[in-house]
Amino acid sequence: MRTVLVTGATGTVGSQVAAQLREAGAEVRPFTRATGDLTDPGSLPLDGVESVFLVWPFATADGAKAVIDAIARRARRVVYLSSAAVRDHEREVERLIEDSGLEWTFLRPHAFAANALRWAAQVRAGVVRGSYGGAAMPVVHEGDIAAVAVRALLDGGHHGAVHELTGPESITQADQVRIISEITKFPARWEEVPPQHTREELLARGWPPQAVDGVLRAQADLVAHPAPRTATVEEVTKTPPRTFATWVAEHAAEFSAVPKPETMSAARIHEYGGEIRYDRIPTPRPGHGEVLIEVAATSFNPSELGLRAGLLRDVLHVDLPCTLGSDVSGTVLELGPGVTGLAPGDRVFGLVGGVAAEYAVVPASLLARAPRSVPLAHAAAVPVAGLTAWQAVHEHARLTRGQRVLINGAGGGVGMFAVQLAKLAGAVVFATASPRSAAAVRRYGADEVIDYTTTPLPGGMDVLLNLAALPGEDAAALAGLGRTVITIATPIEGGTHFVARNDPAQLAELAALIDRGELTLEIAESLPLTELHEVHRRAEEGGTRGKIILLPA
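Overview of the structure. Model, not experiment: these values are computed from the prediction.

On to the packing of aromatic side chains. Throughout the structure, instances matching the rule amount to 6 aromatic pairs. Where Y80 meets F106, the ring centres are 6.2 Å apart and the plane angle is 90°; that geometry is what we call edge-to-face. Pair noted here: Y80 is in strand 4 (residues 77–81) and F106 is in strand 5 (residues 103–109), with a separation of 26 residues, a long-range link. On the basis of relative accessible area, Y80 is assigned to the buried category, the value being 0%. Taking 6.2 Å as the distance between ring centres and 90° as the angle between the ring planes, the aromatic pair formed by W247 and F255 counts as edge-to-face. Taken as a pair, W247 and F255 share a single burial class, namely buried.

Following this line, the structure appears as structure tokens:
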């Protein structure tokens, strides 16, 4: 029986190599970090070993010569897992092996299909954000890489071979997301973002600048010049390579599995008027009646500026430091004692404070099931704005068919819902909007859109609904335009001023309208949570419009 040392035996490829070697009748000697130090040649169990599957998991070739020399003294053959990119350290390891006197085979796989798991959290959220969605590559199944490795380890005829390994089809990043969505049933889609945004995100995760720039250059090139496919897998194994769809079907459960780390990132303020910080804090655990959710997204609401400035401290009592965010959509991960009606994996949304983080603990009673027809992250745009509009239209204004309503400030997040709900109630809707928001307000169904910067506002309305923060004299001028006056912003004499309350039953109604296609949900911007401070800065300068959602992932 041949004995093969498999380094990286618990890794993506190494574990497959070990399993397939055993199936072929070989004796496998697994080597992992738990069994020894790869950089220490003396820790390698080489007695009686004929062949070695070598994974060198380091970013430099430092120390590789001593390890390869030790292998050459005891073994006869080595199969080295390099890469199609043949980075500098990989090229150096290949050179050392060529000079060692060993029989050798190099494997140069293209992008692993398994790399798609990096998108798992975003797939669950419904939006995978990245650059160069048109970059096409023939991603390869790790089982096919292993199958070629096993043949090179056990059979003759592979000495000096450089096997470039690909899958059977070249697939763009955007199409990979589409295939994942179709198979896992998560309604996910690709969202293109500028390369500079991707660069900043990767740098924030600790990637070296040189590596980030190299990846982005390679992806840009793959848009114009998709990587070619090779026939190597079939030639060596006599079996066609497996498709990306096959790989996704085999790993579908891993897209649903959610780790619960000890710490998480949260956007917090430590003092009123202070800057937003992105802190690492302990991941909370649910108590009685609570659930832990993986946050797909939160959204920005203008009231958050007042909270951060301390203007709402008499209304909203919070302890500092305070995690921002009032809208949330996400996936239930864990139930606290006493929770019924929800289960892990349920997609939910709600209005609750302190959710601008990767995870959040939320009273189960505050949540409703998220709409299924839109990405889960997009549902975070609904709670505050949607409930405000619902309660304004149905509870305070009590709009009925044929009534005339003037919605002032219809271009914002609340306006998106208010215009549509008023139309669904049968009202005739006049809406004010700036020129940059006018087209969106027309899409929401307004009967007449008024440019408030050039045109006087009409009177004789049954209802005036004010959604805009205004100077006192401008607010007073609105008072006589409608028999019933409702405002969610600047108080108006004689009118009703209110702050929306959470109501999961109303959220469920909104979700049903969205799923029936009767309520349109438009997202003005989708940004990483680490851009929240920039959103606040722009909002303070009047530079935001519509609903902006922020994604932790």
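Take the pattern of salt bridges next. Using the criterion set out here, one finds 33 salt bridges in the structure. Between E358 and R280 there is a salt bridge, with the nearest N and O atoms lying 3.2 Å from each other. Placement of the pair is E358 in the loop between strand 16 (347–351) and strand 17 (359–363) and R280 in strand 12 (residues 276–282), with a sequence separation of 78 residues. Across the pair R483 and D462 runs a salt bridge whose closest N-O atoms are separated by 2.1 Å. Taken as a pair, R483 in strand 23 (residues 482–487) and D462 in strand 22 (residues 461–466) lie far apart in primary sequence, 21 residues in all. On the accessibility criterion, R483 (66% relative accessible area) is exposed.

Our focus in this paragraph is the packing of helix 1 (residues 14–23) against helix 5 (residues 142–154). Each packed pair of helices is defined by two parameters, the angle between the axes and the distance between the axes. Orientation of helix 1 relative to helix 5, taken along the N-to-C sense of each, is 55°, at an axis distance of 8 Å. By the criterion of interaxial angle, the relationship of helix 1 to helix 5 is oblique. For the crossing formed where helix 1 meets helix 5, the hand is right-handed. Two secondary-structure elements touch here, helix 1 through Q16, V17, Q20 and L21 and helix 5 through E142, G143, A146, A147, A149, V150, L153 and L154.

Right, let's talk about unusual backbone geometry for a bit. The omega angle of the peptide bond from L320 to P321 is 0°, so this bond is cis rather than trans. Residue placement: P321 occurs in the loop between helix 11 (303–309) and strand 14 (322–323). Look at Y132: it is not a glycine, yet its phi comes out positive at around 60°. Positionally, Y132 belongs in the loop between strand 6 (127–130) and strand 7 (136–137). By relative accessible area, Y132 is classed as partly exposed at 23%.

In space, the 6 strands of this open sheet follow the order 21-20-19-22-23-24, with parallel pairing throughout. A single partner strand is all that each edge strand has here, and the edge strands are strand 21 (448–451) and strand 24 (496–497). With 2 bridges connecting them, strand 23 and strand 24 associate as parallel partners. Across the sheet, I486 pairs through a bridge with T496, a residue of strand 24.

This brings us to the sheet that holds strand 2 (residues 27–31). Here 6 strands make up an open sheet; going across it, the order is 2-1-3-4-5-8 and the pairing parallel. The open sheet is flanked by strand 2 and strand 8 (161–165), the only strands paired with a single partner. Strand-to-strand twist in this sheet, taken as the mean axis angle between neighbours without regard to direction, amounts to 15°. Alignment of strand 5 against strand 8, held across 5 bridges, turns out to be parallel. Its bridge partner lying in strand 8, T105 is registered against A161. Of the strands in this sheet, strand 1 (3–7), strand 3 (51–54), strand 4, strand 5 and strand 8 are in contact with helix 5, which crosses strand 4 at around 165°.

Thresholds applied
Residues numbered from 1 in each chain as written. Predicted model: local features only at pLDDT ≥ 70, side-chain atom pairs only at ≥ 80, totals over all residues. Heavy atoms only, no water. Phe/Tyr/Trp six-rings, centres within 6.5 Å; stacked < 30°, edge-to-face > 60°. Helix = DSSP H or I, 4+ residues; strand = E, 2+ residues; numbered from the N terminus. Buried < 20%, exposed > 50% of the residue type's maximum accessible area, 1.4 Å probe, protein only. Salt bridge = Lys/Arg side-chain N within 4 Å of Asp/Glu carboxyl O. Axes fitted to C-alpha atoms, helices over the stretch in contact; angles between N-to-C directions. Parallel < 35°, antiparallel > 145°, perpendicular 65-115°, else oblique. Left-handed = near helix turned anticlockwise from the far one by under 90°. Contact = heavy atoms within 4.5 Å. Pairing = 2+ DSSP bridges.

Functional significance is not addressed by these values, which are geometric in nature.
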